Every structure is written in C-alpha cells, then in structure tokens.
Amino acid sequence: MAELVPIGTIIAVVSSQIIKTAQAAKDVVFENKSFKVLAKHLFDIDPVLKELQLKQLSDSPATRQALDCLETDVKKANNLVEKYKNRARFYLLVKCRHIVKEVQDVTREIGKSLTALSLANIEVLSGISDQVNRLQNEMQRAEFEASKSQLQIIDKLNQGLSDHVLDKEFANDMLTEIALAVGVPVEPTEISRELASFKREKEEAENRKEMAEVLFLEQVIELLSRADAAKDYEQVREQYFQRVKVIDRYNSREEYIQPFKPFFCCITGDLMVDPVSLCTGTTCERAALDSWFEDGNKTDPETGEILQDFSYRANIQLGQSIQEWRELNYCVKIRRCKENLISEVISSVEQAVLQIRELIRENRINKDWISISGLTVIAVAMLGSTVDGEVKKELLVTLKDIVEGHAMNKVIFIENQGIEKLVPCLSLDSEISKPAVELLYEVLLDRSGWNMSYCRMLSNNCDVIHLLVSLLKNPIDEITKTVEEILVKLCDADENVIQAAKVNWFRPLVDKVVQGSASVRTSMLKELVILELDEEKIRLLGEEGIVPPLLEMASGNLESKDLSLRILVKLSTFHQNKRLIAYSGGVCLILNLLFSSHTHIVIIDKCAEILANLSSNGDGTKFLIDETGTQLELEDVTARLLAFQQNLNSWDVVRRPALHALLGICQSEAGLVKSAVLSSSAVSVVLSLLDDSNQEIRELAINLLFLFSHHEPQGVVEYLLKPRRLEALVGFLENSEKADVQMAAAGLLANLPKSETSLTEKLIELGGLNAIINILKSGTIQATENALSALFRFTDPTNLKSQRIVVELSAYPLLTGLLKADSLTARARAAALLGDLSMRSPELTDKSKKHRFCCIPRTGFSVCPAHGGICSVETTFCLLKTDSLPDLVSLVQDKVHATAYEAIQTLSTLVQEESPNRGAKVLHENGAIGPVIEVLSWGSESLKGEALALLEKVFVSRDMADFYGPVAKSPLLCLTGRRIYEDGHLQKKAARILLLIERYSKASAALLVGLNDSSMI
C-alpha cells in the first residue's frame, strides 16, 4: 500500500500554489478588475490554510478529499490566469464576456471546495469561523461582469457583423473604439502590430480546431483591416499622394470639390455615410431606410413603387466613392492650410490651425496626411518663432492633437527640434504654459508608458527642470498633477534630482534618501553637502521629511555619519527643523556621539555644531529633549562641554561649537549656570580662555564670564588685575562690531564688586570708562543696559574724581536722553545714575559769588533756584541744568514701579534739609509733587516709602503744605490707618507728614484724633 502524503505537506503545497496564482492574477493587465477580485479571494484563503497547519488537523478522508478538490480548482484558476496573461489585447476585448464568465466559474468552484474543507474541520476553524463563512459565501455567490463600455463595443461590433456593415467608415469607427478601450494608439505602426497579434490568435484557434471562433475572428479581422489606421505607413503615404495627384487637376484656388448627386440620400437629402441599396437599385442612408420602414412605408422611397422585397445590401462601391470624395476634400483643405501657415498672416495662421484640428476630428487618417504634407514640420518651426501669443497657444493645442497617440508624428516633432522649441513656452503666461505642458506630456508618453529616449532628450535641456518646478510652485490647477508627473519621471535620473533640488524641489531627493539603496543614499547626501542651502532650502528639506532618514544614517558607518551630520548642521539652523530633530530622538543620538570616547574627531565637531545650533537664537534648552518631549538632564552635559575646554588635545573646531552650545544653554537656564560654577570650576576654566589665540573663543568666553560672574565675581576681579588682562576687557568694550561681546563685557564689569577701587582707576586709565560712554551713544539696547549698570562704578557719590571724569565725558546729556529710552531697565538705570551725580551738587555749588554780588544787578551769573548758588553741569552736576526734570516727572506719572522709584530718589536730591524751600519750589514749578502724592495710592511698599521721604522734606515748606495739604491728606490718612511694615515704618512717616500739614493749617482741631502720640514722633 502506497504511503500517504502527510496532511501538513498537502496544505503547504496548496498554500504555495494559491499565493503564486493570486500574485499572477493580480498582475493580469486586461479585465484586471475580475482577476483582482479572484486574487483577493485567494489571498484571503491563505490565512485559513495557515490556521489549519497550526492546529491539530484531523487526517480524515473528508479533509483529504476537500484539499484535493481545492488544489484542483486552484490549478484551474492558475491555468486560466496563464491562458489570458499575454494574449493579444484586441482578442481579449472581443472575448471579454467569455473571460469574465470563466473567472466567475472558477471563483465559485474554489468557494465550494473551501466550504467542504471547513465542514470537515469545524472545530479546528472555530476561532475564525466568521471569517471563513464570509469568504466562502462571497466566493460562491461571486458575480462578475465586463465593463459597460466594453460590452457596448462588443454589441456594436456583433451587430455590424450581423448586418454585414463592412464600409470603411464603420471599420474606422470600430477600430478606434477597440484600440482606445485596450490602450493601443490609433496609428498605423501600433495598429499593424496589434492586428498581427490578433491574426496569430486566429491561427491558434485553427490549430485547436475551434472553427466557430475561427470564423468569428476572421470576420473581425476583415472588418478592422479596412480601417485607415490598419494600413502601414507607406500605404497611407501612397494613398495621400494619389489623392494629391487628383486635386492637382483642380484650380489651386478651389477650396471645395462638389459631391456628385448619387452621394445624397433620397430620403434625407444629406450626404450618405453608410449607403445601402434596395433590390430596385434605389440607394439610401442605412439609418434613414430603417426609419422609413419602421414608419410603415412599403414603397420605394425614390420611385414610389410598392416593394415586394424589403431587404437591402451595403453599397460598398458607392460608399468607397463617397469616402474618396471626402479624402479629396481633406487634401484640398490640407493644401489650403499649408498656404495659410506659410503666409505668416496672423488671421490666416489662426484659420489654418483651427482647420487642422477640424480635419483630425473628422478622420484620424488626417493625422498621417497632415504630417506627410509637411504641416507638422511647419507648425513646429513656427512654435520657435516670435509669433503672436494667441497664435502660439493655438499652435500648441494643434500640435498636441497631431501627436496624440501617434508614434510617427511624435518622431517628426522630435526630429524637428520640437522639444527645444517647446521648453521656452513653459516660461510664458498660463495661457501658453498650460497647453505647452499638455503637449510635452503627450510627446513623452508612448504605448508602454514613458518614452525614455524622449525623456533623456528633454533632460538635456538645462532650463526644463527649473521651468517645470516654477510651474509646480505657482500651480495652474488643470496641469499641476501633469507637471509633477513629468518631473517625477525626469527625476529617475540622479542629475535631474539635483537640478530639482537647486530650484527648491526636494521631494525626489528625499524619496531617494528614504527609499534608495545605500549607494544611492550616499550619492544623494554627497550632492546635498555640496549644494548651497539658503534658508528656504533648509525649510523645505525639513518639511519634505529628510530629518528622520538623516538621523538613521548618523548611526551608520563613518562616511554615512559624516555626510548626514554635515547636512544636519545646516538644517539645525532653522527653528522648525530643531523641533523635528528633537522629536525624532536626534538630541540623544547627537549627545551620545559627541561624548563617546570612540567617536572620530570629524564626527565630534559636527555634533558640537548641531548642539550649538539647537541652543542658539534664544532657544537654549527648549529642544534639548528626548522624542517624548521630556527635558534631558543637562548638568552632566554642561560639565562635559566645559571639559572640552580643559582638554588641551581638543581642537578648535570642537571647542568653538562646544562653547556656543554651553553659552546657549546657560543663557536660558540660570540653574545650570550656578551648577556649572559650583561643581565644575567653570570660572577658572573660562577665564583661561580669555588668553586663547582664537578670537572667537575669547569672545565666547567673555559672554560666559558675564553669566558666571553673577555667582563668582571675586575670581574674575583677581584675574583682571593681572598684567594685560584688563586691556583685553577694554578691547571687548570697544568692539562695536560685535554687539553681543560688547554687551557681555559691559555686563561682566557691572557684576564685579564696586568696592574694588583699584579696578575702577585702572579702567579709567585704560579707556574703559570712555568705552562705556561710547556704548551709551551707539550701542544696542542690551549693551546700553549693561553699560549703565557698569557706569555706577564710576558715579559712586564717594568718588568725586571719577564722577567728574564721567561728567567731562558728556555723560549727563546721554543719561537725560536715556530717560526716554524704549527699555524700562535703561530708563530706571539712567534716572538712578542722574541721582548719584545730583547728590553731590549741594556741596559743589559755589555760593560765594551769590553773596559777593548780591547788591549788584546780575550780569553774567544766575543763582540756581535749587542749590542757591552758581551751578553748571560741568562744575556742580546740577540736575536743573540738564533739563531732565520733565522726563523724571514723566517717569513718576507713568506708574511703573521700577522707573518711578529711581525718579523719586533722584528728585529728592534737589530738596536739601538745610534749605528745603528752594528744592520744594523747583519741584512744584516742574509739576513733580502731585504725581509723587499719587504714588501713595498705587505704588508698592518700597515706592510709597520713597514718596513719603520726599514729601516729608517738601512739606517742611509752609507754602507747599498749604498748597498740597488738602490733596495729600486722604492717602496719608489711609496709610496711618494700617501698619504696612511690622514696625509701622510707613505709618510713622505718614503721621509725621500729617503733623507738618496740620502745623500750618488753620483748622487743626480733630484731624489727628486717634493717632498714637508715640507713632507721631
């Protein structure tokens, strides 16, 4: 007894056959809808068989029989696929009903076999029973139909054969419809090739002894062979010149050859297309005669005789005569078109191109005859001339009609430099560029798809990629998709991919980087590295999705790493790309490569640059995250970046970007600055960089020192007092070309202890003060703010010498001007500095001249109303002489705490305790007292304290108390009613001022009832 094949082996064989058949069915070109449904069902069966293999399948006779049936049916399906896979397309169309029926039957049979298999294994398939039941039901009930358009063609063909309609017009019509339905261009070369394949199908049917099919195919071939397009090109050419010889006998001015009387239908009076003859010899149009009989007429339509025989037959000879007459008129029109085109008269040319299009619509043979006559060559030549825009548009539309589906006409177009003349049209307005694109698209396509020879020829034009991309960037709705298709095809060639990238179309390049082989990806990146990337290109590359594949390649070999990181360096300069890198997990990858001891120096420097870019432009630590958006631990990162500066073996190409990265991180995260200062000896490390030979490193170091000096200023002072170090700092202050460096140097100086008088003196000596004044004149607002802070070192009221130097350098008008600066910080610091200088005015004022000349009329001297003597900006630093009081008052009125605080302090310097009346009067005259009183209602606690201190000095003056007392009482009483500080500091001040007001008041009876006496002292 023969050994049984294991059930598992049978399932594996059947499964393999199913997949093979399904794949083949999916690839069938014609009637692919039916075959694709079959393929889908077969693919769906495969998981069922795999489930059976995984389970303990019962090896029963029913199972084996079901599997045998399934295998047999799948083989039938495979044979069916093989049978129709490479058949002639004309044959497949005329047999479409039969093919669809065969596919339907085999699908149902496979469904029945699947049902038998599932019934034999119900328990095993219980987990997917719903899936199996649905599949077998769908297959057993499958209903396939050919498309309606195909069935209409076949019905029309069968009806024509049945009615013995064999004239050329019907043949042309049927051939055109069949060819278009199966995707064959209606031009002699292609049709001849397809008819040859069709004839081989008939021969094979003869070999199979299928005589009915042989007879049917013979009839179809005979009909289609009568069509104009069925003739080879030489026959068509010969036929044209035969017709031309005939029309040459006519007058050259003749534009129309009159038809003969027999060409007209006796029923309709129209020219006949399909003439048929009755037994009486009367000839009519077929459709008209059918209608004649359908209307109940039983007579001859021409003679009126009663007909005994109602049959008719095609009058082939007359039909041919009518067709010849039409063809003669085609030639007459072609001749006229040629004359009009050559004339170059715009109206004549327009008439000619419209006539050419009409000829093509009338009969497809005219496509051949138009080119044979030389019209195509003339039209192409005119396309390259400076013809009128409307004429050019019409020429483009006409040439598209001429070459559409016609291989020979495309050859003529190409050989006459059609592409060279067409490409410039792409740059013109949409009225011309649109038909130009449509013509180009038609030229590039052939029966099998793209004509690669023509595509290469187009690629040789150096402007075409740029022009097509421009059209894509400024889309014309109707042709955008077409332009993109052309570009995508052209970009099969790597050189075109690069050309497209140069004009900002990166999709093909990114596709190659994503999907290409290793060598292709490397090649594309090499080109991208060379390409000059502006901001627009960098943005577009990120948007097209190049970041993830670049990060993937950064994990590859050294060359792959180097190329991908070079590009990431450029991309990371754009804000949105930083986000893409971060959320693609790029930061962790970059940090790992940067700090790995095994990473090559060329990789380290690129990683450092990327990290610097990620933290630049104020982004700081924003993008130093993992792919989930979680902030990375950065203390170790800052420590490692500092370590690069300590390592004497580190190259400048690494140290520079590492410093940039460190600066960007520290500028955005104060906590990291403190951590670096305390745990990594950051100040000593960065201080040493001020001696570096590299200018950029020194400039970065000064920026970092500015940040670090907030936490460890003393070490910086000790360093700067060493020989030649302070000169370097002054050099940074004087560097107006580097605003950030200037700002950092001024900020560093501002952070250093002001008690270091030796440092102050040395700075004055080396021109540091002068550099600071120059920053106030022309520096950026950030540098100006820091310069103002640094200036406090030189306006210290205890150091008259340095104050005089400040004033001599014309700082006073600069500070006055800065009271109106856009920066709140600058306004506040300028006000405070004015206060420092004004504080010394009373002791510097020369009062002797006042007494000496008190009885003499004033001639050259005027007494300062605030200081009671002879004042000036240069000698006494007098605030009044600077005209800054109105601006200081405005700062109080603006109700901004920081500026109002400094302004009130500065205004207070005008009111001297020994003679408060003068200063109070000055403040009154300049409208300062009212805004100060208002501060008591809106100011902060510290600001109210300053306002009270000033008012207490002002209200020593009886005049001021009388004038402002009524206004001041209400806010003062509010302050005395609550304890703002625990020690009642503001309450006491307010109470003292109320006492001053009351002292001069005529009605003092009960104003201060309830006030504690001790709180008024």
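Residues numbered from 1 in each chain as written. Predicted model: local features only at pLDDT ≥ 70, side-chain atom pairs only at ≥ 80, totals over all residues. Heavy atoms only, no water.

### Let's talk about the overall build of the chain
If you tally the helices and strands in the chain, you get 56 helices and five strands. In terms of C-alpha radius of gyration, the chain reaches 49 Å, well past the compact-globule figure of 31 Å for 1017 residues. Buried positions account for 52% of the 1017 residues belonging to the chain. Accessible surface computed for the chain: about 47,100 Å², of which carbon and sulfur atoms make up 50%. Put simply, the chain has 114 plus and 140 minus side-chain charges, and the middle of one group is 5 Å from the middle of the other. (Helix = DSSP H or I, 4+ residues; strand = E, 2+ residues; numbered from the N terminus. Rg over C-alpha atoms; globule rule 2.2 N^0.38 Å. Buried < 20%, exposed > 50% of the residue type's maximum accessible area, 1.4 Å probe, protein only. Areas by Shrake-Rupley, 256 points an atom, 1.4 Å probe, with all protein chains shown as cover. Lys, Arg positive; Asp, Glu negative; His and termini not counted. Charge placed at Lys NZ, Arg CZ, Asp CG, Glu CD.)

### Quick look at the confidence of the model for the chain
On average, residues of the chain score 86 in pLDDT, and 93% of them are at 70 or above. Predicted confidence for residues 850–859 stays below pLDDT 50, and this span has three contacts to residues more than four positions away or in other chains. Below pLDDT 50 for its whole length, residues 1003–1017 participates in 17 contacts with residues either more than four positions away or in separate chains. (pLDDT = per-residue confidence, 0-100. Contact = heavy atoms within 4.5 Å.)

### A closer look at the packing of aromatic side chains
Applying the stated rule across the entire model yields 10 aromatic pairs. Centroid distance Tyr240 to Phe241: 5.2 Å. Interplanar angle 65°. Geometry classified as edge-to-face. Assessed through its relative accessible area of 7%, Tyr240 is described here as buried. Ring geometry for Phe595 and Phe644: centres 6.1 Å apart, planes at 25°, overall stacked. (Phe/Tyr/Trp six-rings, centres within 6.5 Å; stacked < 30°, edge-to-face > 60°.)

### Quick word on the pattern of salt bridges
Following the criterion strictly, the structure yields 47 salt bridges and no others. The partner of Arg208 in a salt bridge is Glu210, with the nearest N and O atoms 3.1 Å apart. Note on Arg208: relative accessible area 37%, which makes it partly exposed. Of the charged contacts, one joins Arg958 and Asp962 as a salt bridge, the two residues approaching to 3.7 Å between their closest N and O atoms. Placement of the pair is Arg958 and Asp962 together in helix H55 (residues 958–976), with a separation of four residues, close to one helical turn. Through salt bridges with shared partners, a single ionic network connects Lys95, Arg208, Glu210 and Glu213. (Salt bridge = Lys/Arg side-chain N within 4 Å of Asp/Glu carboxyl O.)

### Digging into the pairing of strand E1 (residues 275–278)
Side chains on a regular strand alternate between the two faces of the sheet. The two faces of E1 match: Pro275 and Ser277 on one face and Val276 and Leu278 on the other face are all buried. By the bridge criterion, three bridges tie E1 to strand E2 (residues 283–285) in an arrangement that is antiparallel. When the sheet's bridge partners are listed, Ser277 is paired in E2 with Thr283. With antiparallel pairing between neighbouring strands as the criterion, E1 and E2 make up a hairpin whose turn holds four residues, including Gly281 at a positive phi of roughly 95°. Two strands pair when backbone bridges link them, and E1 and strand E3 (residues 312–314) are joined in this way by three bridges, in the antiparallel orientation. Residue pairing in the sheet places Val276 in a bridge with Ala314 of E3. (Pairing = 2+ DSSP bridges.)

### A word on the nonpolar core
Core analysis: the largest hydrophobic core is formed by 260 residues, its most contacted members being Phe413, Leu641, Leu791 and Phe955. No other element matches helix H13 (residues 316–343), which puts 10 residues into this core. Those residues within four positions of Phe955 in sequence are excluded, and the remaining contacts are Ile933, Met960, Ala961, Tyr964, Ala968, Ile993, Leu996, Ile997 and Tyr1000. Judged by nonpolar contacts, the second largest core, of 71 residues, contains Ala77, Leu157, Ala171 and Leu217. (Core = buried A, V, L, I, M, F, W, Y, C linked by side-chain atoms within 4.5 Å.)

### Points about empty space enclosed by the protein
One way to see where empty space is left: roll a probe the size of a water molecule over the atoms. Using the criterion set out here, one finds one cavity of 30 Å³ or more in the structure. Considered as a void within the structure, the largest cavity measures approximately 30 Å³ in volume. Along the walls of the largest cavity sit Leu907, Leu923, Ala928, Ile929, Val932, Leu950, Leu951 and Val954, which together make up its complete lining. Elements that contribute at least two residues to the lining of the largest cavity include exactly helix H53 (929–938) and helix H54 (941–954). Here the lining of the largest cavity gets three residues from one element, more than from any other, and that element is H54. Along the lines of polarity and charge, the residues of the lining of the largest cavity split into eight nonpolar, no polar and no charged. (1 Å grid on protein atoms, 1.4 Å probe; cavity = no way out; pocket = protein on both sides within 12 Å on 5 of 7 lines; lining within 4 Å. Points joined across faces, edges and corners; volume = space filled by probe spheres on them. Nonpolar A, V, L, I, M, F, W, Y, C, P; charged D, E, K, R; others polar.)

### A few points about the packing of H55 against helix H56 (residues 985–999)
Between H55 and H56, the least distance of the axes is 9 Å, while the angle of their chain directions is 150°. The orientation of H55 with respect to H56, classified from their angle, is roughly antiparallel. For the pair H55 and H56, the crossing hand works out as left-handed. Where H55 approaches H56, its residues Ala961, Gly965, Ala968, Lys969, Leu972, Leu973, Leu975 and Thr976 are matched on the opposing element by Gln987, Ala990, Ala991, Ile993, Leu994, Leu996 and Ile997. The residue makeup of the contact of H55 with H56, split by class, is 11 nonpolar, three polar and one charged. (Axes fitted to C-alpha atoms, helices over the stretch in contact; angles between N-to-C directions. Parallel < 35°, antiparallel > 145°, perpendicular 65-115°, else oblique. Left-handed = near helix turned anticlockwise from the far one by under 90°.)

### Some points on the side chain of Thr784
Within the fold, Thr784 resides in helix H43 (residues 781–791). For Thr784, the residues in contact, after removing those within four places along its chain, are Ile775, Leu776, Gly779 and Leu818.

### Topic: helix H30 (residues 575–583)
Looking only at H30, the buried set comprises Asn577, Lys578, Ile581 and Ala582. Across the axial projection of H30, the buried residues extend over an arc of 140°, all falling on one side. Along its buried surface, H30 packs onto helix H27 (535–543), helix H28 (547–553), helix H29 (558–571), helix H31 (586–595) and helix H32 (601–614). (Arc of directions from axis to C-beta.)

### A closer look at the environment of Leu428
Along the chain, Leu428 turns up in the loop between helix H19 (418–422) and helix H20 (430–444). For Leu428, a relative accessible area of 37% gives the class partly exposed. In this structure Leu428 touches Lys392 and Ser433, once residues within four positions along its chain are discounted.

### Some thoughts on unusual backbone geometry
Even without being glycine, Glu344 reaches a positive phi, approximately 65°. Note on placement: Glu344 falls in the loop between H13 and helix H14 (346–362). In the Ramachandran plot, Phe877 falls in the positive-phi region, its phi being about 60° despite a non-glycine side chain. Tracing the sequence through the fold places Phe877 in the loop between helix H49 (873–876) and helix H50 (885–893).

### Topic: the sheet that holds E2
Taken together, three strands build an open sheet; the order of strands is E2-E1-E3 and the sheet is antiparallel. Either end of the sheet is taken by a strand with one partner, and the two such strands are E2 and E3. With direction set aside, neighbouring strand axes in the sheet form an average angle of 40°. Helix H12 (residues 286–294) contacts E1, E2 and E3 of the sheet and is inclined by roughly 95° relative to E2.

### Some remarks on the side chain of Thr398
Tracing the chain through its elements places Thr398 in helix H17 (residues 389–403). Here Val353 takes part through its backbone oxygen, which lies 3.4 Å from a polar atom of the side chain of Thr398. One polar contact links the side chain of Thr398 to the main-chain carbonyl oxygen of Glu394, over a distance of 2.8 Å. (Polar contact = N/O pair within 3.5 Å; in protein donor to acceptor, adjacent residues only side chain to side chain.)

### Details of the packing of helix H37 (residues 695–708) against helix H40 (residues 739–751)
At a minimum axis distance of 8 Å, the contact between H37 and H40 shows a crossing angle of 40°. Comparing their axes, H40 and H37 come out oblique. Between H37 and H40 lies a crossing of left-handed hand. Of the residues in H40, those touching H37 at Glu699, Ile702, Asn703, Leu705 and Phe706 are Asp740, Val741, Met743, Ala744, Ala745, Gly747, Leu748 and Asn751.

### Here's the deal with the environment of Ser147
Residue placement: Ser147 occurs in the loop between helix H6 (129–140) and helix H7 (148–162). For Ser147 and Glu234, which are 87 residues apart along the polypeptide, the C-alpha to C-alpha distance reads 36 Å.

### What to know about helix H34 (residues 652–668)
The periodicity of an α-helix, 3.6 residues per turn, causes residues three or four places apart in sequence to face the same way. In this model H34 runs 24 Å from its N-terminal to its C-terminal C-alpha over 17 residues, within 8% of the 24 Å that 1.5 Å per residue would give. Looking only at H34, the buried set comprises Val654, Arg655, Pro657, Ala658, Leu659, Ala661, Leu662, Leu663, Gly664, Ile665 and Cys666. (Expected span 1.5 Å × (residues − 1).)

### Remarks on the environment of Gly389
Within the secondary structure layout, Gly389 lies in helix H17. Gly389 sits in the partly exposed class, given a relative accessible area of 35%. Here the alpha-carbon distance between Gly389 and Ile773, two residues 384 residues apart in the chain, equals 66 Å.

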